[in-house]
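Tertiary structure, described
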Amino acid sequence: MTYSFQFRDVLAAHEFLLDGLILTLELSVFTMVMGLLIGLGGAAARVYGPPWLRRPVAVYVEAIRNTPLIVQLFLIFFGLPSLGVKFDADTAAFIALSINLGAYSIEIVRAGLEAIPRSQIEAGQSLGLSGVQIFRYVIAFPALKLMYPALASQFVLLMLATSVVSQISAQDLFHAASIIQSRTFRDFEVYIVVAAAYLALAMLFRLLFAGLYWLVFARR
């Protein structure tokens, strides 16, 4: 059995794939920013907040981490309209991805904050540092250095997970590939190109995160 690869029709639709790639990048970058903000706020609430605040955050983290992303996406896009709240596909995708990444980021950041030895904090107090100064100089930077690799890996996984938004017809890279496949019937070729694109994006993000780590942490 022989198979003749024909990439001509697939590559002819490169502009369509490029549009999908741009949306994938936009969703990834904006979601990383929002997910990190949720992670920082949620982790601070879990570590330093009062019990009435810690409990809801813990429930949110457990609920999101123990349910599939696609279910969360469908609840937002298909479920909320039943309550009178409706989002377009791109907005629903951004919200679902941010909520999902936020839950994982909270646990990563929380682990980093709790990894700082109590003795270091007490040393800062003995030097007369204020609470803000202790957090800035004693807790924040060492904790960020500890949590950075896990956060970077989670961000890359998030970028790969954006492919699920095609299920609500968001015009991302995978959705564009599905449309090209339905028009050309070159299944193997289409998904080879898409797999290569996702691989290239993952490698690019990893290089960027590695470079940022070297600039911020490795040189100090």
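Above this text sits the structure in question.
So, a few notes on the structure that sits alongside this text. All values reported here derive from a predicted model rather than from experimental measurement. (Residues numbered from 1 in each chain as written. Predicted model: local features only at pLDDT ≥ 70, side-chain atom pairs only at ≥ 80, totals over all residues. Heavy atoms only, no water.)

Examining the nonpolar core
In terms of nonpolar packing, the biggest core is built from 48 residues, with Met32, Met159, Val165, Ile168 and Phe209 touching the most fellow members. Of all elements in the fold, only α2 (14–48), α4 (69–79), α5 (89–114), α7 (131–161), α8 (173–184) and α9 (187–218) reach the threshold of two or more residues within this core. It is α7 that provides the largest number of residues to this core, a total of twelve residues. The residues contacting Met32, other than those within four sequence positions of it, are Leu101, Phe155, Leu158, Met159, Phe205 and Phe209. (Core = buried A, V, L, I, M, F, W, Y, C linked by side-chain atoms within 4.5 Å. Buried < 20%, exposed > 50% of the residue type's maximum accessible area, 1.4 Å probe, protein only. Helix = DSSP H or I, 4+ residues; strand = E, 2+ residues; numbered from the N terminus. Contact = heavy atoms within 4.5 Å.)

Notes on the pattern of salt bridges
All chains considered together, the criterion is met by seven salt bridges. In this structure, the salt-bridge partner of Arg46 is Glu107, at a minimum N-O distance of 2.6 Å. Placement of the pair is Arg46 in helix α2 and Glu107 in helix α5, with a sequence separation of 61 residues. We classify Glu107 as buried; its relative accessible area is 14%. A salt bridge links Glu107 to Arg65; the nearest nitrogen and oxygen atoms lie 3.8 Å apart. (Salt bridge = Lys/Arg side-chain N within 4 Å of Asp/Glu carboxyl O.)

Comments concerning a nonpolar patch on the surface
On the surface, Val29, Phe30, Val33, Met34, Leu37 and Leu40 cluster together into a nonpolar patch covering about 540 Å² of accessible area. By the secondary structure assignment, Val29 is in helix α2. Since its relative accessible area comes to 40%, Val29 is described here as partly exposed. (Patch = residues over 30% accessible without salt bridge, like charges linked within 9 Å, V, L, I, M, F, W, Y side chains within 5 Å. Areas by Shrake-Rupley, 256 points an atom, 1.4 Å probe, with all protein chains shown as cover.)

What to know about the environment of Ile139
Within the secondary structure layout, Ile139 lies in helix α7. Assessed through its relative accessible area of 6%, Ile139 is described here as buried. Each C-alpha atom of the pair Ile139 and Ala218 lies 18 Å from the other, and the pair is 79 residues apart in sequence. Among residues more than four places away in sequence, those in contact with Ile139 are Tyr48, Leu113, Ile116, Ile121 and Ile134.

Section: the environment of Pro81
Examined against the element boundaries, Pro81 turns out to sit in the loop between α4 and α5. Judged by its relative accessible area of 31%, Pro81 falls in the partly exposed class.

Regarding the packing of α2 against α5
α5 packs onto α2 with a crossing angle of 40° between their chain directions and a minimal axis gap of 5 Å. Taken together, the axes of α2 and α5 are oblique relative to one another. The chirality of how α2 crosses α5 is right-handed. Residues of the contact of α2 with α5, tallied by class, amount to 17 nonpolar, seven polar and five charged. (Axes fitted to C-alpha atoms, helices over the stretch in contact; angles between N-to-C directions. Parallel < 35°, antiparallel > 145°, perpendicular 65-115°, else oblique. Left-handed = near helix turned anticlockwise from the far one by under 90°. Nonpolar A, V, L, I, M, F, W, Y, C, P; charged D, E, K, R; others polar.)

Concerning the packing of aromatic side chains
Here a ring pair, both rings aromatic, is described through the centre-centre distance and the interplanar angle of the planes. By the definition in use, this model includes eleven aromatic pairs. Here the aromatic rings of Phe77 and Phe78 are separated by 4.9 Å at their centres, their planes lie at 80°, and the arrangement is edge-to-face. Overall, the relative accessible area of 19% leaves Phe77 in the buried class. A residue is classified by how much of its surface remains accessible, and Phe78, at 46% relative accessible area, is partly exposed. For Arg183, the ring lying beneath its charged end belongs to Phe16, and the centroid distance is 5.7 Å. (Phe/Tyr/Trp six-rings, centres within 6.5 Å; stacked < 30°, edge-to-face > 60°. Lys NZ or Arg CZ within 6 Å of the ring centre and 35° of its normal.)

Observations regarding the environment of Tyr191
When you line up the elements, Tyr191 lands in helix α9. A residue is classified by how much of its surface remains accessible, and Tyr191, at 30% relative accessible area, is partly exposed. Put simply, Tyr191 and Ser178 are 13 residues apart on the chain and 8.7 Å apart in space, counted from C-alpha to C-alpha. The contacts of Tyr191, once residues within four sequence positions are left out, are Phe174, Ala177, Ser178 and Gln181.

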